[in-house]
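Listed here are the chains, written in short residue letters.
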Amino acid sequence: MQVKEALEKFGRTPDKLIGAMLAYQKTTPCNYLTQEDIREFAKETGLPESRVHSVASFYSLLSTKPRGKYIIQVCHDVPCYVNNSTNVVIELEQRLKTKMGQTTDDGLFSLEYSSCLGCCDKAPAMQIGDNLYGNLTAEKISSVLAEHRRKSHE
Amino acid sequence: MNKNACVRKLLTKRFGEINPGSIDDYISRGGYDSLRKALAMSGGDIINEIKNSGLKGRGGAAFPTGLKMQAVKEAGGSPKYIICNADEGEPGNFKDRYLMENDPHQLIEGIIICAYATGIKHGYIFIRGEYARAAAMVEKALEQARIRGFLGDNILDAGFDFDIDVYTGAGSYVCGEEFALLVTIEGKSGRATYKPPFPTTCGLYNKPTQINNVETFCNIPHIIEMGGAEFSKIGTDSSKGTKLVCLSGNVVRPGLYEVVFGTSIKDIIYGLGGGIPNNREIKMIQLGGASGPVIPSDMSDLPLDYASMRENDLNFGSGAIIVMDERINVLDILKRIIGFFHHESCGKCTPCREGLAQTLILLDRFIEGVAVEKDLALLGILIETMSEASICGLGQAAPTAIKKVLQYFPEEFQSRIHATDSAAV
Ligand SMILES: Cc1cc2nc3c(=O)[nH]c(=O)nc-3n(C[C@H](O)[C@H](O)[C@H](O)COP(=O)(O)O)c2cc1C
Ligand code: SF4
Ligand code: FES
């Protein structure tokens, strides 16, 4: 998708900017907005570049740095924490051979912390893209990762 | 205890019994009857019913909904807007997600009735970016409602035009705060501003705006159906109706429970939640979410009731109950809570931005056992300043848990003060 296309779909008024940026970001290979993208959003909407940049860097679902194809967000707020979310992080770091805040060498997964995902009754929880995974165990984590690896080959 | 004594299903009565993706299912269970009834009433009469019901906002601040609607109706300026706050970012809360995923038409019906009563033509449902499934359910339900003539021009031939747009957030807790939410819809970074003026007179694009929580709107069809007076018989003197409670943490059956106001916290944790795994003891309970107070287990007899809470200088916010058992480290939990606010602070005002950073440093000193007596005094001043001088509710409420630990669990801090303290000071 092009920046232009995203704006055509959502509309060029300021209230559509965040939605258009989210949709566009999803289609980029590294899940982020480049300086070039931001410049183009500014040009196309007629908003100052500084304003577009401030929006892109304010929200945690938007990124101005390259990330993996799949972003794994692990909840670390209290309800998940007291249900051993720390083990989820350890398990993911070991399986992915990467650290929190980093991207795997193959560029497939980025590991991030997230605020509460609204899934505290199924703690510990994580989210990948639009999919929420609760009641995480080592087995479940392994099958979720395998599922995404498979999907990436499709 | 009879564990069903406190349960009353009003907002959740259709959960699991209807296909939430089917408007026909909703209609077959009496759905949109309240809208028909409301359209035959005057806006003023509807607002009176809501006032009589005693309904208070379920987003955390418990402001009377009828009064808010009246303020919007009487405010000068047009167009006016109505916004449903479905940002639900407070850790420990998931009720609004359940309401949207399991019965989206109930919410939509509530919003339409309010818009009709206050004379509003345009509405938004602001859904947090992480709630993709809820957003999809709501979008689908809106489309169905349009086809059936519950939304759009000349709704049910009553001469009332109204429609709703879904707006999804992009990952920011502070956007649940009213002004941050408004500027986000306007396409800017979500930062809060001083109040007053309030959104009721100066909201979206500086126009009068009614903002309510998902659960608040979901009560509206029931109030219209049974009448305000009848609704007000449910609950206690200060707290009318039912409350959705999000039970989480160290508990056997975490989940969403709808209870009558007046139900005790203990009955919720033990009666509905099945108690603590392995019969452990409760160390502390947090009410409302990260911004809420913590209490020791011997206060769990307290009922969910606005007046009782206020008497104890407590509140239950939007209805989360987070149970933590004896194994937790209290200071470690506080650090997580403050870490959350530090991450989510919009950075606009100094007490919140710097105060949270400094609080984290101080907490670390206690955790590492190098704190001195002076640090405790410093912590007290710091959190007082944050509560008093922060611009918005985020900074004001962020230190609540620390305050309550200092009150109910002072030994947690005292015991971490370095032994050579007197020499150091
Ligand atoms: C930092 C902050 C975050 C908030 N987040 C939410 C939220 O996610 N959902 C919500 O309904 N209210 C939230 N509120 C409260 C709203 O500002 C507002 O009071 C509420 O939406 C009003 O609706 P009600 O009267 O129906 O409760 C938040 C407040 C603050 C200060
Ligand atoms: S209190 Fe915090 S979140 Fe609110 S305006 Fe100030 S810095 Fe922003
Ligand atoms: S605290 Fe993890 S999903 Fe809510």
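Note that the coordinates shown come from a computational prediction; the quantities given were computed from them, not determined experimentally. (Residues numbered from 1 in each chain as written. Chains lettered and ligands numbered in written order. Predicted model: local features only at pLDDT ≥ 70, side-chain atom pairs only at ≥ 80, totals over all residues. Heavy atoms only, no water.)

So, about the overall build of chain A. Helix and strand content of chain A: seven helices and four strands. When the helices and strands of chain A are read in sequence order from the N terminus, they spell out α-α-α-α-β-α-α-β-β-β-α. Overall, chain A is about 50 × 35 × 25 Å in size when its C-alpha atoms are taken along their principal axes. Taken over 154 residues, chain A has a buried fraction of 53%. (Helix = DSSP H or I, 4+ residues; strand = E, 2+ residues; numbered from the N terminus. Buried < 20%, exposed > 50% of the residue type's maximum accessible area, 1.4 Å probe, protein only.)

Moving on, we come to the side chain of glutamate 90 of chain B. Residues and elements named next belong to chain B. Its location among the elements puts glutamate 90 in the loop between strand 1 (81-86) and helix 5 (95-102). We note that glutamate 90 is buried and unpaired, the nearest opposite charge coming from arginine 128 at a distance of 10 Å. From its side chain, glutamate 90 meets the backbone nitrogen of serine 291 in a polar contact 2.6 Å long. (Lys, Arg positive; Asp, Glu negative; His and termini not counted. Salt bridge = Lys/Arg side-chain N within 4 Å of Asp/Glu carboxyl O. Polar contact = N/O pair within 3.5 Å; in protein donor to acceptor, adjacent residues only side chain to side chain.)

All names here are of chain A. Strand order in the open sheet formed by four strands is 2-1-3-4, with mixed pairing between adjacent strands. Two strands in the sheet have a free side with no partner beyond their single neighbour: strand 2 (109-114) and strand 4 (131-133). The sheet shows a mean angle of 25 degrees between the axes of neighbouring strands, direction not considered. Looking at chain direction, strand 3 (residues 126-128) and strand 4 are connected through three bridges and run antiparallel. (Pairing = 2+ DSSP bridges. Axes fitted to C-alpha atoms, helices over the stretch in contact; angles between N-to-C directions.)

This paragraph deals with the domain arrangement of chain B. Residue and element names in this part refer to chain B. Domain boundaries assigned for chain B yield domain 1 (23-231), domain 2 (242-325) and domain 3 (330-414). Its C-alpha centre places domain 1 at a distance of 27 Å from the equivalent point of domain 2. Between domain 1 and domain 2, the contact holds 16 residues from the first and 19 residues from the second. Interface area, domain 1 with domain 2, both sides summed: about 1,300 Å², of which 59% is carbon and sulfur. (Domains from an automatic or database assignment. Contact = heavy atoms within 4.5 Å. Buried area = accessible area lost by both parts, 1.4 Å probe.)

Before going further, it helps to spend a moment on the domain arrangement of chain A. Looking at chain A, the domain boundaries give domain 1 (3-58) and domain 2 (70-152). Inter-centroid distance (C-alpha atoms) of domain 1 of chain A to domain 2 of chain A is 28 Å.

The next subject is the site of ligand 2. In the vicinity of ligand 2, 13 residues are found, and the nearest of them are Cys346, Lys348, Cys349, Cys352 and Cys392 of chain B. Class assignment for the residues of the shell around ligand 2 results in eight nonpolar, four polar and one charged. (Near = heavy atom within 4 Å. Nonpolar A, V, L, I, M, F, W, Y, C, P; charged D, E, K, R; others polar.)

Residue and element names in this part refer to chain B. Of all residues adjacent to ligand 1, which total 18 residues, the nearest are Gly59, Glu88, Asn212, Asn213 and Thr216. Within the contact set of ligand 1, an oxygen atom lies 2.7 Å away from a backbone nitrogen or oxygen of glycine 59. In isolation ligand 1 exposes 610 Å². Once the protein is present, 89% of that is buried. For the shell around ligand 1, the elements supplying multiple residues, two or more each, are strand 4 (209-213) and helix 16 (393-397). No other element matches strand 4, which puts three residues into the shell around ligand 1. (Areas by Shrake-Rupley, 256 points an atom, 1.4 Å probe, with all protein chains shown as cover.)

We now examine the packing of helix 4 (residues 65-74) of chain B against helix 6 (residues 104-118) of chain B. Residues and elements named next belong to chain B. Relative orientation of the contacting elements helix 4 and helix 6 amounts to 45 degrees, with a least axis distance of 9 Å. On the basis of their axis angle, the class for helix 4 and helix 6 is oblique. Facing helix 4, whose interface residues are Met69, Val72 and Lys73, helix 6 presents Cys114, Ala117 and Thr118. (Parallel < 35°, antiparallel > 145°, perpendicular 65-115°, else oblique.)

To continue, consider helix 3 (residues 43-53) of chain B. For an α-helix, the turn length of 3.6 residues means that residues three or four places apart are oriented alike. All names here are of chain B. For helix 3, the full list of buried residues reads Gly43, Ile46, Ile47, Ile50 and Ser53. Taken around the axis of helix 3, the buried residues stretch over an arc of 120 degrees, which confines them to a single face. Buried residues in helix 3 make contact with helix 2 (33-39), helix 4, helix 6, helix 9 (214-226) and helix 10 (228-231). (Arc of directions from axis to C-beta.)

The subject of this paragraph is the sheet that holds strand 2 (residues 122-127) of chain B. Residue and element names in this part refer to chain B. The sheet built from four strands is open, its strands ordered 3-2-1-4 with parallel pairing. Looking at which strands have only one partner, the edges of the open sheet turn out to be strand 3 (163-168) and strand 4. Sheet twist, expressed as the average angle between the axes of neighbouring strands with direction ignored, equals 20 degrees. Pairing of strand 1 with strand 4, which is carried by five bridges, proceeds in the parallel orientation. Among the inter-strand pairings, isoleucine 83 is bridged to a residue of strand 4, identified as isoleucine 211.

In this section: helix 13 (residues 330-344) of chain B. Its 15 residues place the ends of helix 13 of chain B 21 Å apart at the C-alpha level, agreeing with the 21 Å of an ideal helix rising 1.5 Å per residue. Buried within helix 13 of chain B are the following residues: Val330, Leu331, Ile333, Leu334, Ile337, Ile338, Phe340, Phe341 and Glu344 of chain B. (Expected span 1.5 Å × (residues − 1).)

Under the definition given, this model contains 17 aromatic pairs over all chains. With a centroid separation of 3.8 Å and an interplanar angle of 10 degrees, the aromatic rings of tyrosine 32 of chain B and phenylalanine 150 of chain B are classed as stacked. Linking tyrosine 32 of chain B in the loop between helix 1 (23-28) and helix 2 with phenylalanine 150 of chain B in the loop between helix 7 (132-147) and strand 3, this pair joins segments that are 118 residues apart in sequence. Like phenylalanine 150 of chain B, tyrosine 32 of chain B is buried. The interplanar angle of 90 degrees and the centroid separation of 5.0 Å between the aromatic rings of phenylalanine 366 of chain B and phenylalanine 413 of chain B together place this pair among those described as edge-to-face. Taken together, the positions of phenylalanine 366 of chain B in helix 14 (residues 350-367) and phenylalanine 413 of chain B in helix 18 (residues 410-414) put the pair 47 residues apart, joining distant regions of the chain. Grouped by ring-pair contacts, the aromatic residues Tyr26, Tyr32 and Phe150 of chain B constitute a single cluster. Over the ring of tyrosine 81 of chain A we find arginine 336 of chain B; its NZ or CZ atom is 3.7 Å from the centre of that ring. (Phe/Tyr/Trp six-rings, centres within 6.5 Å; stacked < 30°, edge-to-face > 60°. Lys NZ or Arg CZ within 6 Å of the ring centre and 35° of its normal.)

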